[in-house]
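As a plain string of letters, each chain reads:
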Amino acid sequence: MAKLWAGRTDGRTDKAADEFNSSIGIDRRMYRQDIRGSMAHAAMLGETGIIEAGEADALIDGLQTILDDLDAGRLAVDPGAEDIHMFVEQVLTDRLGELGKKLHTARSRNDQVALDSRLYLRDETDEISGRVRELIAALCDRAEEYKDTVMPGYTHLQRAQPVTFGHQLMCYAMMLLRDIERLSDCRKRINISPIGSCALAGTTYPTDRAFEAEKLGMEKPCLNSIDGVSDRDFCVELAADIAIVMMHLSRLSEELVLWASWEFGFVELSDAFTTGSSIMPQKKNPDMAELVRGKTGRVYGDLVTLLTMLKGLPLAYNKDMQEDKECIFDACDTVKACLDITAGMIRTMRARPERMRTAAGEGFINATDLADYLVSKGLPFRDAYKISGRIVSECIKCGCVLETLPLEAYKEFSPVFGPDVFCAIDLDECVKRRTSFGGTAPQSVAAQIAAVRELIAK
Ligand code: ARG
């Protein structure tokens with residue numbers, strides 16, 4: 001295709017150079033944003049008298065037809081075009097003739113691509129937030145179901161204290177709530193309009209940048225035109241926010257993999273989200289969870305690619321920046337798929353409370369409650385802690401657990417022990433008593449669920 005920019009050079013580039021330079025395969029997905037941006041630009045050109053009002057209307061109509069044709073599949077993006085901006089402008093000029101050539105007045109591809117990227121990523125940010133919300137809703141529903149199901153809580157992956165499965169699930173909901181906040185904060189900085197920065201220096205035409213920003217639903221025009229075309233912070237920031245979402249999904253995936261193992265057996269993932277082995281007939285593998293965990297590395301790669309691509313760039317636009325889209329689009333696509341898959345796994349998994357209870361019954365996870373019992377009888381916590389530790393060690397020696405150690409044996413460690421000790425160390429009781437704000441008691445978990453549901457409804 002003849003280059004729109006042929007002039008200073010004859011535009012007859014080497015075929016390999018053309019292919020190397022082209023970004024159409026990546027940026028074609030921004031065609032709607034590109035056309036919307038051009039419509040706002042044409043409207044501004046007409047409004048300010050830079051072109052005639054009738055010309056602006058004709059450009060807008062022409063752009064609308066291109067949009068409709070692309071949406072309907074009547075027009076295909078030319079894979080030989082340099083990028084989506086050149087493609088749309090070329091089609092417009094083919095269709096409208098001379099008038100089409102006026103669209104690019106007081107504009108450059110530098111501010112155009114910055115605008116398109118922001119519009120596209122603004123939509124993606126909303127889409128991702130919506131999917132995070134869906135996952136949180138799934139976690140809340142399952143947490144409600146299991147708000148009194150006792151399981152061992154872990155530190156150092158060693159059984160630590162009894163918690164409820166609902167409490168554990170709600171912890172992930174909290175992480176994801178922060179993700180939504182981060183995304184909505186990032187959205188504010190995405191939603192600033194660079195259009196009208198032109199190549200870098202602004203323009204001599206009497207443009208109205210605030211008009212364009214408003215037309216596009218953006219908060220305001222950026223203050224500095226060099227910044228308008230140089231800034232890709234919004235890509236980095238979004239990639240970082242997505243990387244954090246992925247880190248959260250990866251931690252959840254890791255737990256699902258562990259919980260679904262024979263060793264734990266705390267959950268059974270639905271057949272719909274597991275695979276079999278090609279050789280071992282007994283296998284049910286948590287591939288989806290593993291893939292989410294694996295894809296986290298790839299999204300971190302996207303973030304690091306962006307940071308590295310930008311770190312040595314002088315102002316303003318440099319072609320290096322064309323590389324931004326492949327990674328930020330990949331990060332968006334990946335996190336969306338991972339969020340959907342994770343919500344599916346959570347909604348369809350089956351917990352196995354009996355397995356959780358068995359695991360909770362071993363490992364002395366009520367030892368803290370034993371110490372607390374002694375404190376309730378007037379002992380200082382440090383002494384109570386020591387005595388409880390000795391009792392645990394005694395149990396290990398004689399092969400019993402705190403629940404099965406006879407009262408006489410308890411009394412040898414301290415005269416304050418009475419028959420009520422067995423209620424104090426009962427796992428359900430241990431969990432029920434942890435009613436502190438944010439604690440693991442079923443009523444506290446119910447309060448967490450209610451609070452989170454209210455937040456995501458907003
Ligand atoms: N395809 C380019 C990109 O994605 C558009 C901007 C081109 N600007 C330029 N001065 N060559 O970055």
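Per chain, the residues get numbers from 1 upward, laid out in the order the sequence is written. Reporting of local features is limited, given that this is a predicted model, to residues whose pLDDT is at least 70; pairs of side-chain atoms are given and counted only at 80 or more, and all residues count toward the totals for whole chains, interfaces and linings. Note that water and hydrogens are dropped before the side-chain values are worked out from all heavy atoms of the structure.

Asks: Run through the site of the ligand, naming residues and quoting values.
Replies: Note on terminology: near, applied to a residue and a molecule or strand, indicates that one of the residue's heavy atoms is within 4 Å of it. In the vicinity of the ligand, the residues found are Ser23, Asp27, Asp83, His85, Arg109, Asn110, Val113, Tyr317, Gln322 and Lys325. Serine 23 has a polar side-chain atom sitting 3.2 Å from a nitrogen atom of the ligand. Within 3.5 Å is the distance limit for a polar contact, defined as a pair of N or O atoms, with the added protein rule that one can donate a hydrogen and the other accept it, and that residues adjacent in sequence qualify only through two side-chain atoms. Lysine 325 has a polar side-chain atom sitting 2.8 Å from an oxygen atom of the ligand. Using the Shrake-Rupley algorithm and a 1.4 Å probe, accessible areas are obtained, with residue cover drawn only from the displayed protein chains. A total of 340 Å² of accessible area belongs to the ligand in isolation, and the protein chains cover 86% of it. Counting residues per element, the shell around the ligand draws most heavily on helix α6 (residues 109-145), at 3 residues. Put simply, DSSP H or I for four residues or longer makes a helix, DSSP E for two residues or longer makes a strand, and each gets a number counted from the N terminus.

Asks: Account for the environment of leucine 67, naming residues and giving values.
Replies: Relative to the assigned elements, leucine 67 resides in helix α4 (residues 53-72). For the pair leucine 67 and aspartate 10, spaced 57 residues apart in the sequence, the C-alpha separation amounts to 31 Å.

Asks: Got a sec to walk through the pairing of strand β1 (residues 150-155)? Specific residues and values, please.
Replies: Each pair of strands is called paired provided DSSP finds at least two bridges between the two strands. Inspection of the sheet shows β1 paired to strand β2 (residues 158-164) by 6 bridges, in the antiparallel sense. Along β2, the bridge assignment pairs threonine 155 with glutamine 158. Count of turn residues in the β1/β2 antiparallel hairpin: 2 residues, of which histidine 156 carries a positive phi of about 55 degrees.

Asks: Could you give an account of the packing of α6 against helix α10 (residues 233-259), naming the residues involved and the relevant values?
Replies: Two numbers describe how α6 lies on α10: the axes approach to 11 Å, and their chain directions differ by 20 degrees. Between α6 and α10, the crossing angle belongs to the class labelled roughly parallel. Handedness of the crossing formed by α6 with α10: left-handed. Mapping the contact onto sequence places Ala114, Ser117, Arg118, Leu121, Thr125, Ile128 and Leu135 in α6 and Phe234, Cys235, Leu238, Ile242 and Leu249 in α10. Side-chain classes follow a simple rule in which Ala, Val, Leu, Ile, Met, Phe, Trp, Tyr, Cys and Pro form the nonpolar group, Asp, Glu, Lys and Arg form the charged group, and the remainder, Gly included, forms the polar group. Classifying every residue of the contact of α6 with α10 by side-chain character gives 9 nonpolar, 2 polar and 1 charged. Angles here are taken between N-to-C directions and fall from 0 to 180 degrees, while the axes themselves are lines fitted to C-alpha atoms, restricted in helices to the stretch in contact. Roughly parallel covers angles under 35 degrees, roughly antiparallel covers those over 145, roughly perpendicular covers 65 to 115, and oblique covers all other angles. Handedness of a crossing follows from how the near helix is turned relative to the far one, being left-handed for an anticlockwise turn of less than a right angle and right-handed for a clockwise one. Contacts: residue pairs with any heavy atoms within 4.5 Å of one another.

Asks: Report on the packing of α6 against helix α7 (residues 165-190), specifying residues and quantitative values.
Replies: Contact geometry for α6 and α7: axes closest at 9 Å, N-to-C directions at 165 degrees. By the criterion of interaxial angle, the relationship of α6 to α7 is roughly antiparallel. Classified by chirality, the crossing of α7 by α6 is left-handed. Residue composition of the contact of α6 with α7, by class: 17 nonpolar, 3 polar and 7 charged.

Asks: Describe the pattern of salt bridges, listing the residues and the values that go with them.
Replies: Any Lys or Arg side-chain nitrogen located within 4 Å of an Asp or Glu carboxyl oxygen qualifies as a salt bridge. Applying the stated criterion to the full structure yields 38 salt bridges. Where aspartate 18 meets lysine 3, a salt bridge forms, and the shortest distance between an N and an O atom there is 3.3 Å. Taken together, the residues aspartate 18 in helix α1 (residues 15-21) and lysine 3 in the segment before α1 connect sequence positions 15 residues apart. The exposure class assigned to aspartate 18 is partly exposed, which follows from its relative accessible area of 29%. Classification of lysine 3 as buried rests on a relative accessible area of 18%. For aspartate 231, the salt bridge identified is with arginine 118, shortest N-O distance 2.8 Å. Of this pair, aspartate 231 sits in the loop between α9 (225-230) and α10 while arginine 118 sits in helix α6, and the two are 113 residues apart along the sequence. For every residue, the accessible area obtained with a 1.4 Å probe (protein chains only) is divided by the maximum for its type, and the residue is called buried under 20%, exposed over 50%, and partly exposed between those limits. Residue class for aspartate 231 comes out buried when judged on its relative accessible area of 14%. Among the charged side chains, a salt-bridge network with shared partners connects Glu82, Asp83, Arg109 and Lys319.

Asks: Give me unusual backbone geometry: which residues, what numbers.
Replies: Leucine 315 connects to alanine 316 through a cis peptide bond whose omega is 5 degrees. Locating alanine 316 in the fold gives a position in the loop between α11 (287-311) and α12 (324-348). Backbone geometry places alanine 106, a non-glycine residue, at a positive phi of 60 degrees. Within the element layout of this structure, alanine 106 appears in the loop between α5 (84-96) and α6. Given the relative accessible area of 9%, alanine 106 is considered buried. A positive phi is found at cysteine 198, a non-glycine position, where the angle reads about 60 degrees. Tracing the sequence through the fold places cysteine 198 in the loop between β3 (192-193) and α8 (209-215).

Asks: Describe the state of the cysteines, with residues and values.
Replies: Covalent bonding between the sulfur atoms of two cysteines is what defines a disulfide. The disulfide definition used here is simple: a pair of cysteine sulfur atoms within 2.5 Å. In this structure the tally under the stated criterion is 0 disulfides. You can see cysteine 338 has no disulfide; the closest cysteine sulfur is in cysteine 332, sitting 12 Å from it. Free cysteine: cysteine 423, not disulfide-bonded; nearest cysteine sulfur from cysteine 430 at 8.9 Å. Looking at cysteine 423, the relative accessible area reads 44%, which means it is partly exposed.

Asks: I'd like to hear about the packing of aromatic side chains, residue by residue, with values.
Replies: Note on aromatic pairs: the rings of Phe, Tyr and Trp (six-membered ring only in Trp) are paired at centre separations within 6.5 Å, and the planes decide the class, stacked below 30 degrees, edge-to-face beyond 60, tilted for the rest. Throughout the structure, instances matching the rule amount to 9 aromatic pairs. Arranged with centres 4.8 Å apart and planes meeting at 50 degrees, the rings of tyrosine 120 and phenylalanine 329 form a pair that is tilted. With tyrosine 120 in helix α6 and phenylalanine 329 in helix α12, this residue pair connects regions lying 209 residues apart in the sequence. For phenylalanine 329, a relative accessible area of 3% puts it in the buried group. Linked through ring pairs, Tyr373, Tyr410, Phe417 and Phe422 together constitute an aromatic cluster. Sitting over a ring, as applied to charges here, requires NZ of Lys or CZ of Arg to be within 6 Å of the ring centre and within 35 degrees of the ring normal. Cation over ring: arginine 382 sits above tyrosine 385, and NZ or CZ is 5.0 Å from the ring centre.

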